[in-house]
Protein chains: 2
Amino acid sequence: MASELNLKGVNLSLTASTSDVIYDALRDAIIRGEMAEGETIRQESVAKLFSVSRIPVREALKRLEAQGLVTSVRYKGVVVASMSPSEIAEIFEFRVLVESKVVEYAVEAMTPESLELAKGYCEAFAEETNPARWGDLNRLFHSALYRDSGRPYYLEIVQSANDRVERYVRAQLDLTEGMARARRDHEAILEACFKRDARKAVNLTASHIHNAGQALIRFLQKRSEA
Amino acid sequence: MASELNLKGVNLSLTASTSDVIYDALRDAIIRGEMAEGETIRQESVAKLFSVSRIPVREALKRLEAQGLVTSVRYKGVVVASMSPSEIAEIFEFRVLVESKVVEYAVEAMTPESLELAKGYCEAFAEETNPARWGDLNRLFHSALYRDSGRPYYLEIVQSANDRVERYVRAQLDLTEGMARARRDHEAILEACFKRDARKAVNLTASHIHNAGQALIRFLQKRSEA
DNA sequence: TTATAGTATATTGGATCCAATTTAGTATAG
DNA sequence: CTATACTAAATTGGATCCAATATACTATAA
């Protein structure tokens, strides 16, 4: 019957199958960095965790594979995908290209509600003391800025790209300097949006993402040398 | 043991599972337009076609769903995804943005082999009389131009975007004017690449995709009015 | 002691079976 | 004749079972 309930603005479709639930949970665990890269995901252990058979687990894993979040080897299993610095750098470069465009489209169309929403997340991000929440608030802030772009496909792609590097972004945010810089960047971007200064919002978004990527690469190289 | 055989430049990994084979076949059928949009795909009929059970079919369908090529409704089945003109227009706009960049990166790095390959496909495209082959040659030509970009992630995204609109592009190519225009565009782009004129190659690629998108939208609107 | 062969266990891929739900079809009431 | 309620068939989602393969372990030989 596809009944739905709308709760706190979150739309929970009751048509979700077990496989969907498992997909969401695994995706969440991966992008949050709760599973180490290279770690193999055992079908049986996931199945036990959710008290189901391996069938829906396997379907969830196929979807994660299609999204590039895990890689699979026949008769061996799937492992959490790991990315080389150059792969990460490429994704950040791509994000600069696409998210800049999305902001450009969004700024002129941005509703007062979206601006307020973004402002709220920006403040919450700046005030949040629990590092575990920074990643969420960071994404919520950017999503709020993008939502009025009128470009659902771009947003889908942006989400997918962000999923792949999310774990590294979070590691970067945990560095206090990374966090401080992100906070300043966010405030500047938000101000440009309030002023409907598309050009400025685009440039600030581009450099925000670019700089985050550069810092992240430096961080990863430092860590690999140690 | 992951043995592989390399045949005519195509790398056939023998590690492919049944589910992979089915995924490839269905994806191919969908993007070639061999299945009507909105058509529901019955698990059992696909399973019979490949003489297997529904299990690998379901896994293949999950992957297609993650790629956006089909949409699924619980207990009803999956249907071949259909796109509205505005969704198609968005993808073409996106392709202009991303593929232009890819060409820019590729032109300077393009090897003589890639140039010859592109030339070969360009000529084959121009001379091919069987419309069913135009779509393949069109994609092979563009892929040849992109392959030296050094941006595997961009290429992944470009492929995914093209998959979604491929069926419509083919319909457009079938219009003789569409084909004639594509041929001229290809030759001009190729010439710019041979001359290492990145700026020109970028501009030509952008307008090539842009114009194809515009023509396609007009075509679809005409057809819907009739 | 170490390397190798062989066996046992663990794990994945696929087939078959059952449950939940939808869809098609039929009968009945108005 | 049409609309509705009921039943049967078709279809999907999930569980359990079996086959194929990989990994871990053990024993044996040098």
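For the structure itself, look to the data block above.
Note that the structure is predicted; figures quoted are calculated from it, not measured.

Residues and elements named next belong to chain A. On the surface, a cluster of negative charge is made up of Glu113, Glu116, Glu123, Glu127 and Glu187. Per-element tally for the negative patch: the top contributor is helix H5 (residues 112–127), with four residues. One can find glutamate 127 in helix H5. By relative accessible area, glutamate 127 is classed as exposed at 61%.

In this complex, chain B contributes 31 residues to the contact, which on the side of chain A involves 31 residues. In total, chain B and chain A occlude about 2,900 Å² of area from one another, counting both sides; carbon and sulfur atoms represent 57% of this. Of all residues in chain B, Lys62, Glu90 and Tyr153 of chain B give up the largest surface area on contact with chain A, accounting jointly for 24% of the area buried on that side. The tally of links from chain B across to chain A stands at six salt bridges. Here arginine 58 of chain B makes a salt bridge to glutamate 59 of chain A, at a shortest N to O gap of 2.9 Å.

Inspection of the secondary structure assignment puts arginine 170 of chain A in helix H7 (residues 152–174). If we ignore the near neighbours within four places in the chain, the residues touching arginine 170 of chain A are Ile31, Arg32, Ala132, Gly135 and Asp136 of chain A.

Looking now at the sheet that holds strand S4 (residues 70–73) of chain B. Residues and elements named next belong to chain B. Sheet architecture is open: three strands sit in the order S3-S5-S4, paired in antiparallel fashion. Each having just a single partner strand, strand S3 (40–41) and S4 make up the two edges of the open sheet. For S3 and strand S5 (residues 77–80), the ladder comprises two bridges, and the chain directions are antiparallel. Its bridge partner being in S5, isoleucine 41 is matched across the sheet by valine 78. Against the sheet, helix H3 (residues 54–66) engages S3, S4 and S5, with an angle of about 115 degrees to S4.

Right, let's talk about the relation of the copies chain B and chain A for a bit. Rotating chain B by 180 degrees and moving it 0.0 Å along the rotation axis overlays it on chain A with an RMSD of 0.0 Å. Both copies of the chain, as the preceding transformation shows, are related through a two-fold rotation axis. Take the interface residues of chain B: 100% of them recur as interface residues in chain A, which is what a same-surface contact looks like.

Rules used in this analysis
Residues numbered from 1 in each chain as written. Chains lettered and ligands numbered in written order. Predicted model: local features only at pLDDT ≥ 70, side-chain atom pairs only at ≥ 80, totals over all residues. Heavy atoms only, no water. Patch = residues over 30% accessible without salt bridge, like charges linked within 9 Å, V, L, I, M, F, W, Y side chains within 5 Å. Areas by Shrake-Rupley, 256 points an atom, 1.4 Å probe, with all protein chains shown as cover. Salt bridge = Lys/Arg side-chain N within 4 Å of Asp/Glu carboxyl O. Lys, Arg positive; Asp, Glu negative; His and termini not counted. Charge placed at Lys NZ, Arg CZ, Asp CG, Glu CD. Helix = DSSP H or I, 4+ residues; strand = E, 2+ residues; numbered from the N terminus. Buried < 20%, exposed > 50% of the residue type's maximum accessible area, 1.4 Å probe, protein only. Contact = heavy atoms within 4.5 Å. Buried area = accessible area lost by both parts, 1.4 Å probe. Pairing = 2+ DSSP bridges. Axes fitted to C-alpha atoms, helices over the stretch in contact; angles between N-to-C directions. Least-squares fit on C-alpha atoms with pLDDT ≥ 70 in both.

Don't take any of this as a statement about function, it's just geometry.
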